[in-house]
Amino acid sequence: MAEVDPVTPDEKDWTWTLTRRCEECGLGAGEVDPLTVGRRAWVAAEEWVHILREHPAVEARPEPGVWSPLEYAAHVRDVYRIFDGRLHQMLTEDDPAFANWDQDQTAVLQRYAEADPEVVAAELEAAAATLLGRIQQLQAADFTRTGRRSDGATFTVATLLQYFLHDVVHHLWDVTGQQDGAASLEWA
Ligand SMILES: [Zn+2]
């Protein structure tokens, strides 16, 4: 198997997206009603499935050091899985500390670049369905439960959901370059 070149690591702390609208993808995540995140994340997952099935160059990196649409989609599949796990932890433990997730190392170890787009599409949809189910069962008191990231950032269930939604929407922008991702989710 060919060596997979790593991409330029993303070292940015994205927690500012909870308080300011992101000018790149267009989403003001902090203003999103957490109750709507499940539906919006489901619509975003459907857009990812569409990209995996229809993108003319799904396996091509647009430039060296930048993930292909397939690699982004495999990452987004894992984002759905990781945040479902974190949500589960917050609901079953008191103020849990999340395990660190090295996204770039995972991309290399899991060989995102060699994944089958059709398999990733099915896995992404399944992961989104699992998370949607968990979100739909949340009770009002659950939204203030807390959890902590290994870098010290703290979240409530409400801000974790907002943060998560920005992640999947922002990566739609990464791949399409259009703010339609955020805009088309407004009505969802
Ligand atoms: Zn953004």
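Throughout what follows, the structure given in this document is the object of discussion.

Each value, and the rule that gives it
- Residues numbered from 1 in each chain as written.
- Predicted model: local features only at pLDDT ≥ 70, side-chain atom pairs only at ≥ 80, totals over all residues.
- Helix = DSSP H or I, 4+ residues; strand = E, 2+ residues; numbered from the N terminus.
- Expected span 1.5 Å × (residues − 1).
- Buried ≥ 20, exposed ≤ 12 C-beta atoms within 10 Å, placed from the backbone.
- Arc of directions from axis to C-beta.
- Axes fitted to C-alpha atoms, helices over the stretch in contact; angles between N-to-C directions.
- Parallel < 35°, antiparallel > 145°, perpendicular 65-115°, else oblique.
- Left-handed = near helix turned anticlockwise from the far one by under 90°.
- Contact = placed C-beta atoms within 7 Å.
- Nonpolar A, V, L, I, M, F, W, Y, C, P; charged D, E, K, R; others polar.

What follows is about the environment of glycine 177. Checked against the element boundaries, glycine 177 lands in the loop between α5 (157-176) and α6 (180-183). The spacing of glycine 177 and arginine 134 is 43 residues in sequence and 30 Å in space, taken between C-alpha atoms.

Given a rise of 1.5 Å per residue, 20 residues ought to cover 28 Å, and the 28 Å separating the end C-alpha atoms of helix α4 (residues 117-136) matches this to within 8%. Within α4, the full set of buried residues consists of Pro117, Val120, Ala121, Leu124, Ala127, Ala128, Leu131 and Ile135. The buried residues of α4 all sit within an arc of 135° when viewed along its axis, so they share a single face. Projecting away from the buried face of α4 at angles above 90 degrees are the exposed residues Glu118, Val119, Gly133 and Gln136.

A word on the packing of helix α2 (residues 69-92) against α4. Their axes nearest at 9 Å, the elements α2 and α4 cross at an angle of 25°. On the basis of the axis angle, α2 is roughly parallel to α4. Of the two possible hands of crossing, α2 and α4 adopt the one that is left-handed. Each of Leu70, Ala73, Ala74, Val76, Arg77, Tyr80, Arg81, Phe83, Asp84, Leu87 and His88 in α2 lies in contact with α4, whose residues at this interface are Pro117, Val120, Glu123, Leu124, Ala127, Ala128, Thr130, Leu131 and Arg134. Across the contact of α2 with α4, the residue classes tally to 13 nonpolar, two polar and five charged.

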